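If you want the building blocks of each chain, they are given just below.
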Amino acid sequence: MLPLAAGVAPVTLARWQFGVTTIYHFLFVPLTIGLALIVAIMQTAAYRSGKPHWDSMARWWGKLFLINFAIGVVTGIVQEFQFGMDWSHFSTFVGNIFGPPLAMEGLLAFFLESTFIGIWIFGRGRVSPRIHLISIWLVAFGTTVSAYFILSANAWMQHPVGYKIDPKTHQAVMVDFWAVMTNPTLLGQFTHVVLAAYTTGAFFVLGVSAWQLLHNRSQEIFGRSLRVALVVGFIAILGTIWFGDSQAQLMTKEQPMKMASAEALYHTQDGASFSLLTIGNLSGQPIFQIRLPHLLSVLADRSWDGKVLGIDNVQAAEVKKYGPGNYEPIIWVTYWTFRLMVGLGFLMLGVGLWGLWLLKKKRLEKKRWFLWALVWCIPVPFLANTFGWIFTEMGRQPWVVYGLLKTSKAVSHIGTGYIGTSFAVFAGVYSILAVVEIGLMVKTAKTPPDEPKEPEAGSETGTRTEVPELVY
Amino acid sequence: MIAMVVGAIHPGTLQVFWFMLIGVMWLMYFFLEGFDFGVGILLPFIAKDDLDRRVLLNTFGQVWDGNEVWLIVAGGATFAAFPRWYALLFSGFYLPLLLILLALIVRGVAFEFRNHNRAPAWRASWDRAIFWGSLLPSILWGVAFADFVAGVPIGKDGRYVAGFWHLLTPYSILGGITLLALFCLHGSTFVSLRTTGDLRERARSAARRIAPVAIAAVIAFLSWTFSNAIGAHDTGIVPSFIPLLAIVAVISTAWLVSEHLDGWAFLSTGLAIILTVGTLLLNLYPRVMVSSVSPAYDLTIVNTASAHYTLVVMTIVAGIFAPIVLLYQGWSYWVFRKRVMRPTEQPPLGTSAAAGPPPGGVATTVPSSEKVGPVPDKADPMAPAEGS
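Treat the numbers as computed from the prediction; the structure is a model and nothing was measured.

Enquirer: Even after reading the chapter, I still don't get the overall build of chain A, so can you show me in this structure?
Expert: A tally of regular secondary structure across chain A gives 14 helices and 8 strands. Taking 23 Å as the expected radius of gyration for a compact globule of 472 residues, we find that chain A reaches 24 Å, a close match to that expectation. Here chain A holds 472 residues, and the buried ones make up 51% of them. Excluding contacts between residues fewer than 6 apart, the proportion of contacts in chain A whose partners are at least 24 apart in sequence is 76%.

Listed below in structure tokens is the structure:
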């Protein structure tokens, strides 16, 4: 079908497909997780205070939340299917351990999310305001539980625990479920990823509110949204950086190659420095570099003069352990994605601090250039999320399950034609959807809010008279 | 404590249990998503205007996402309990699954997106997406399940990748038609249960017209399935009363529809789906993928199952959470038990105080307990319902 794909190894196409579909999926997921929390906070304020503008806020942001939710859901089904479709050897090998979290994610999280999002969308006026409020919290909770389970599967690929290899079937089998669910890598990843998702939601709300304020829309609604998001966003980005940093030490122990390749550090070094950027090549002859002394050691080991293993040394050690082969990831990818992720994280922290300072000075809504900066920051968390995942997944290569299964051995026995076709089809459909989705989001984000509705008096039957809308 | 009790169960028993549980998940999926697929397919035929279409979409709007989770859970449970089954199933049925995925993607976003623009062309495009996105999976699931039973050429190496046309045999095409007809019937009885007035009448007449097709398809498909099973001497596990009951269920639907017993008609179409797919699943057991080359290459629950420990963990988790899921999902159906009405229809006196023609896009509901039209049917297709 694809002349371009002919001659490309199935594993290469399968990797591209997985990378593209997963990154795409994860553009929407963090926003879902973050917006669910923020909308739930707003609706709680509406419920407690009874003030109509909080209610308008929850409804207005709820619209954006739902457009985004829809596309996150449908691209998620692809994720579950393509493990089996493209990576059947991986699936057979890890199923005993990787399957349970997936099944539990469906049972514990997806049912919760999907059922209560239905109650939340359609239930206004049909269930009590209290149940309606609980519904959005259950949706928010469900999205977070979902993150926990899927990350437990991913963490096991980064750092396999609680397993043994069955000598007969050559599959990894689970021996300790508790160990899998409390994998130290998982705990680090989960807090880092979920807080990054809250950051994403918060910066989205900040940017959109700023745009609305710049166009002189309701101060009551968007000034408040701005403040809620600023607080959520600042706490979240601080936590994201904090837990990201603590992950660095785990990674140094568990996947030394990833740490070394994050710095493009070829030779083991004590008191290693961290380069902010490099011009020229990364393999030891840079034309220009800015280096922060000792920072890499502090990052990796929490010590000023700690030893950080170099790529060449880890390569030699892994050859000894796993047999001949190349155990290096693509260094320029890990080097730059790591810097971009960290850099964008600190950029957001800076913006958050700046905003808090303006808030304290009571000039938050008046500084137009700060508001414009917020608008321009909307893409930043999405980029940081993406770079983070590219770093951690590509930094694990050539392994798909670290130390146990190589990516090249994980792919299905299907021809290039099949994977090429499906890759082309997904790329096409996802591109069209992206255009529609972004168009709808932008359009909706620019609409002014409805006038706050005064709480209506009860009808004769004592229930609220508000009739449920035809939502679709 | 629980772990000890479950752990003491014989490994073979847990394998059977998980096969049954995955079977039940598929049956739940087909029962539930069956009606929202059906409504999606009937959308162009029983809706007269955009407001009708919106009413139809709102009959299942609250629940379709939850219905679809049964598919995701069935997939996840297969991955966990029978990894080799999952791996060969999903890589072997690559192209049909790719098509199903695409259909589910465009269909899922269509529900949300169509509402964000009033332009008729915009809505018409998403309605087409909903139609095809419901039609394709209905047929393809039928084809795939027929192929599961008929077998696919799994060789000695345990590998198999189906060419798409390869999967289309007369038997599997009949399977596709059967499931399609059943879903359409299920969708039409669902609409007659969930709407009022003209729409309900049109849904009933659609059901009356689909019923003969569904009856013929179910009889033909199940006879073929059963005679294949007799030929292969594996009828033991499929008691003949199950396919017979499936046929009884689908025939009785025709009668229940003509008697205007909407609720019972919906139940009987659901039962027909469960018994038809149930026949296939029982026919499959204890195999999970049948090799048409040699029975020696069949995948069975024994040679694909996860180790005992994984099954024990899964059993405990499912034992705790599945009942909770059933409870709240059931509750959500209870919350939305009222019929969806066209906004131009006035609710009967005393049901609601929302007097006057409601503003654009607002629907009212009446209790579904009122069986035949206490509602004055003044639904006017030309009414300016959208206020656009």
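Still more to cover.
Enquirer: I keep staring at the interface of chain B and chain A and nothing clicks. Help me out?
Expert: When the parts of a complex come together, some accessible area is lost, and that lost area is often taken as the interface size. Contact with chain B, which involves 66 residues of that partner, is made by 65 residues of chain A. Mapped by element, the contributors of at least two residues to the side of chain B that touches chain A are α3 (50–60), α4 (64–81), α5 (83–92), α6 (94–113) and α14 (308–335) of chain B. Of the residues in the side of chain B that touches chain A, the class split is 43 nonpolar, 18 polar and 5 charged.

Enquirer: Where do I start with the domain arrangement of chain A in this structure?
Expert: Residues and elements named next belong to chain A. Domain boundaries in chain A define domain 1 (10–253 + 331–446) and domain 2 (256–328). On a C-alpha basis, the centres of domain 1 and domain 2 stand 29 Å from each other. Taken together, the contacts link 14 residues of domain 1 with 15 residues of domain 2. Among the elements of the structure, α7 (219–254) and α11 (331–360) are those that each provide at least two residues to the side of domain 1 that touches domain 2.

Enquirer: When you look at the nonpolar core in this model, what are you seeing that I'm missing?
Expert: In summary, soluble globular proteins display a tendency toward joint burial of nonpolar side chains. Counting 277 residues, the largest nonpolar core has Ala36(A), Ile38(A), Val39(A), Met42(A), Trp61(A) and Leu101(B) as the members making the most contacts within it. Here this core spans two domains, and each of domain 1 (10–253 + 331–446) and domain 2 (256–328) of chain A adds at least three residues to it.

Enquirer: Quick question: what am I supposed to make of the confidence of the model for chain A here?
Expert: Parts of the model with low pLDDT should not have their predicted coordinates read in detail. Residues and elements named next belong to chain A. With 94% of its residues at a pLDDT of 70 or more, chain A shows a mean pLDDT of 88. At the level of individual helices and strands, chain A shows its lowest average pLDDT in strand β5 (residues 286–292), which scores 76, and its highest in helix α13 (residues 379–394), which scores 96. Note on residues 454–468: pLDDT under 50 across the span, and 28 contacts to partners over four residues away in sequence or across chains.

Enquirer: Hey, could you run me through the environment of Val127(A) in this one?
Expert: Summarising the element assignment, Val127(A) is placed in the loop between α3 (88–122) and α4 (129–158). With 19 C-beta atoms counted inside 10 Å, the residue Val127(A) sits in the partly exposed group. The residues touching Val127(A), leaving out its near neighbours within four places in the chain, are Ile119(A), His132(A) and Val335(B).

Enquirer: What's the story with α3(B) in this structure? I'm lost.
Expert: Helical periodicity: at 3.6 residues per turn, an α-helix aligns residues three or four positions apart in one direction. With 10 of 11 residues buried, α3(B) lies mostly within the body of the structure. Burial in α3(B) covers these residues: Leu51(B), Asp52(B), Arg53(B), Arg54(B), Val55(B), Leu56(B), Leu57(B), Asn58(B), Thr59(B) and Phe60(B).

Enquirer: Can you help me understand unusual backbone geometry in this one?
Expert: It is generally the case that most residues other than glycine have a negative phi and that most peptide bonds are trans. Residues and elements named next belong to chain A. Cis geometry marks the peptide bond from Gln 397 to Pro 398; its omega dihedral reads 10°. Here Pro 398 shows up in the loop between α13 and β7 (399–401). Although it is not a glycine, Asn 216 sits at a positive phi angle of roughly 60°. Mapped onto the elements, Asn 216 comes out in the loop between α6 (184–214) and α7. Owing to 9 C-beta atoms within 10 Å, Asn 216 belongs among the exposed residues under this scheme. One non-glycine residue, Ala 264, adopts positive backbone phi at about 55°. For Ala 264, the location among the structural elements is in the loop between α8 (256–263) and β3 (269–270).

Enquirer: Would you mind going over the pairing of β5(A) with me for this structure?
Expert: Note on strand geometry: in a regular strand, side chains alternate between the two faces of the sheet. Residues and elements named next belong to chain A. Judged by how many residues are buried, β5 sits mostly at the surface: 0 of 7 residues are covered. Pairing analysis gives 6 bridges linking strand β4 (residues 274–280) to β5, with the strands arranged antiparallel. Bridge assignment links Thr 278 to a residue of β5, and that residue is Gln 289.

Enquirer: I'm lost on the packing of helix α11 (residues 241–258) of chain B against helix α12 (residues 262–284) of chain B in this one. Help?
Expert: Two quantities define a packed helix pair, namely the angle between the helix axes and the distance between the axes. All names here are of chain B. It is at 8 Å that the axes of α11 and α12 come closest, and there the two elements cross at 160°. Classified by the angle their axes make, α11 and α12 are roughly antiparallel. Judged by the twist between their axes, the crossing of α11 over α12 is left-handed. Packed against α11, whose contacting residues are Ile 242, Pro 243, Leu 245, Ala 246, Ala 249, Val 250, Ser 252, Thr 253, Leu 256 and Val 257, the element α12 presents Trp 264, Ala 265, Ser 268, Thr 269, Leu 271, Ala 272, Leu 275, Thr 276, Gly 278, Thr 279 and Leu 282 at the interface. Partitioning the contact of α11 with α12 into residue classes produces 14 nonpolar, 7 polar and no charged.

The rules behind these values
Residues numbered from 1 in each chain as written. Chains lettered and ligands numbered in written order. Predicted model: local features only at pLDDT ≥ 70, side-chain atom pairs only at ≥ 80, totals over all residues. Helix = DSSP H or I, 4+ residues; strand = E, 2+ residues; numbered from the N terminus. Rg over C-alpha atoms; globule rule 2.2 N^0.38 Å. Buried ≥ 20, exposed ≤ 12 C-beta atoms within 10 Å, placed from the backbone. Contact = placed C-beta atoms within 7 Å. Nonpolar A, V, L, I, M, F, W, Y, C, P; charged D, E, K, R; others polar. Domains from an automatic or database assignment. Core = buried A, V, L, I, M, F, W, Y, C linked by C-beta atoms within 7 Å. pLDDT = per-residue confidence, 0-100. Pairing = 2+ DSSP bridges. Axes fitted to C-alpha atoms, helices over the stretch in contact; angles between N-to-C directions. Parallel < 35°, antiparallel > 145°, perpendicular 65-115°, else oblique. Left-handed = near helix turned anticlockwise from the far one by under 90°.

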